[in-house]
Amino acid sequence: MRKKAGVFILILIAIIGLSSCDRVKNKVSELTSTVTEDVADYQRQLQRSQVLGEITEVESVSDGKYAYSCLNDEEKLAYDQMLDAILNFKSDVSVSTTDLTVLETAYEAIKADYGGIFWFTGYSYVTYYENDGVTIMAIKISPQFTMTKEQKEKKQAEIDAVVDQWLEGSESLTDDYEKTKFVYETLINRVDYNAYSLENQNIISVFLNQSTVCQGYASAASYLLERLGVPSTIITGSANGEPHAWNLVYVNNAYYFMDVTWGNSHYRDKDNEAIKRIGYDYLNVTSEELFKTHTVDEPFALPECVSNADNYYIREELYFTDWYPELIGNTIQADLMSDKKEATVKFASADLMNRAKEYYLDEQHIYDYLSGVDRLSYYMSEDMNTLTILR
C-alpha cells in the first residue's frame, strides 16, 4: 500500500550585482547547491514528521539476546520498536528505519530471541513515499495479533502453570549441561510430534496441547531454558531439505546446537508397536556434526560450535576414541540390562563404529555380555557415528 505526502516549498534566491569572473561564479554555484540540499533535506524531514508524528523512544530489553547482539545500530532500533509494539499490543507504530530489509532482519531476530511470544503471527506495514514515488520516506508497522491483551494474559497464566509443574525438581540443577538434558528429555517425554497439531508454531501447542512440530519444540526449549538461566536462540533453516527449527544453546561458556525434534524418535517392538524413545544424537552437538544434515537460513551470523565437552555422549562416558572391546561391551551391557532396554555408544570415527558393529553383532560377541536375551535389534547413524542396540 502506498501513500504519498507532499510539502511544496518555493525558495526564491536573488543575487544582485555579481561579478562575472569564474571565481565568483564557482562560489555562487557552491552556495546554491548547498542551499538546495538543505532545503531538500528540510522538506523530507517536514514530510516525514507530518506522516509519522513523533517517534517514541523505546528502551531496549534485549541486551544479552544472541540475535539482537548480531545486529547493527539501525537494526537494533527497529528490533526494539517492533518488540515494544508486540509486547504492548500496539498498532500503526512508526519506526525509525526506511529500509524494508532492516525491518525484516529485525523481525527474524525477534523470532529467534523470543520463543515465548505466542500471540502474534507476523506484521503488516504501510510505506509512505516521497514525491518521486520511489523513495520510501516513512514506514508504519502493525503486528498481526491473534488475541486480545486480556486473552493473552489468561493464556500466559495457563502456560506458566504447566511450565511450573514441568520444572519441578529442576531447582537443584546447577550445571548447564544437566539443565539442557532436563529440558531435552522433558519435552520429548511429554510432547508428541504431530504435523496437524493446533497452534503448532508456538508454545501453546507444547504446554497446553502436548502436541507440536519442530517450531513448537524449539520455541518451548528456548522458553524453558530461559527459565533455567541457559541462553538459547531459535534457529530456522532446513534439515534433509525440509523446513526445520532447532536451538543454539550456550552451555558452560561454549556454544552448541540442540535439536529436540530429531531427538524424538520411535522404534518397533516385538509386537510391532511403535515405542517412543529419546535419541541423544542431537543434544549439544558441534557445527561440523549438525551441518551434515541441517542448513541455516538466518539473516545473522552464527558462532562456530567446536566444543564437544558437554556433548551427551562425552558427559555420560559413552564416547570411544579407540578400540576397547571389553570396556565397550560392559558399557553396552549396563544399559541394555537396565530399565532402558537399549544402549547407544558413540565413536570417534566411522571405521571404529563399523568395527564395533562387526564384532558385537555380526560375530555375535554381544551375547558374551548378555544372558537370557534371544532377540536384539540395532541401527547405526552414519552422520553421528553412533551404534544403538535394543532388546
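This text goes with the structure placed above it.
Residues numbered from 1 in each chain as written. Predicted model: local features only at pLDDT ≥ 70, side-chain atom pairs only at ≥ 80, totals over all residues. Heavy atoms only, no water.

Draft legend 1. Fine view of the sheet that holds strand 15 (residues 342–347). Sheet architecture is open: 4 strands sit in the order 14-15-17-16, paired in mixed fashion. Among the strands making up the open sheet, the edge pair consists of strand 14 (319–320) and strand 16 (377–381). Of the pairings in the sheet, the one linking strand 14 to strand 15 comprises 2 bridges and is parallel in character. Residue Phe320 lies in a different strand from strand 15, and its bridge partner there is Phe347. Sheet strands in contact with helix 12 (residues 325–336) are strand 14, strand 15 and strand 17 (386–390), and its direction is about 145 degrees off that of strand 15. Lying over the sheet, helix 13 (residues 350–362) contacts strand 14, strand 15, strand 16 and strand 17, oriented at roughly 170 degrees with respect to strand 16. (Pairing = 2+ DSSP bridges. Helix = DSSP H or I, 4+ residues; strand = E, 2+ residues; numbered from the N terminus. Contact = heavy atoms within 4.5 Å. Axes fitted to C-alpha atoms, helices over the stretch in contact; angles between N-to-C directions.)

Draft legend 2. Quick look at the pattern of salt bridges. Enumeration according to the criterion identifies 13 salt bridges in this entry. Put simply, Asp84 and Lys90 hold a salt bridge, and the shortest N to O gap is 2.6 Å. Relative accessible area serves as the criterion here: at 34%, Lys90 is assigned to the partly exposed category. In this structure, Asp92 and Lys140 form a salt bridge, with 4.0 Å as the shortest nitrogen-oxygen distance. Here Asp92 is found in the loop between helix 3 (73–87) and strand 2 (93–95), whereas its partner Lys140 is found in strand 4 (residues 136–145), with 48 residues between them in sequence. In this structure, a network of salt bridges that share partners links the residues Asp175, Asp310 and Arg315. (Salt bridge = Lys/Arg side-chain N within 4 Å of Asp/Glu carboxyl O. Buried < 20%, exposed > 50% of the residue type's maximum accessible area, 1.4 Å probe, protein only.)

Draft legend 3. Structural context of the pairing of strand 7 (residues 232–239). Of all 8 residues in strand 7, 6 are buried; the element is thus mostly enclosed. Between strand 7 and the antiparallel strand that follows it, strand 8 (residues 242–251), lie 2 residues; Asn240 among them carries a positive phi value of about 50 degrees. Looking at chain direction, strand 7 and strand 13 (residues 294–296) are connected through 3 bridges and run antiparallel. Pairing of Gly237 across the sheet is with Val296, part of strand 13.

Draft legend 4. Here's a closer look at the environment of Gly241. For Gly241, the position within the fold is in the loop between strand 7 and strand 8. In this structure Gly241 comes out as exposed when scored by relative accessible area, which is 65%.

Draft legend 5. Fine view of unusual backbone geometry. We note that Glu199 has phi near 55 degrees; this positive angle belongs to a residue other than glycine. Among the structural elements, Glu199 can be located in the loop between strand 5 (192–193) and helix 7 (203–207). Relative accessible area serves as the criterion here: at 43%, Glu199 is assigned to the partly exposed category. Although it is not a glycine, Asn284 adopts a positive phi angle of roughly 65 degrees. Using a relative accessible area of 0% as the deciding quantity, one classes Asn284 as buried.

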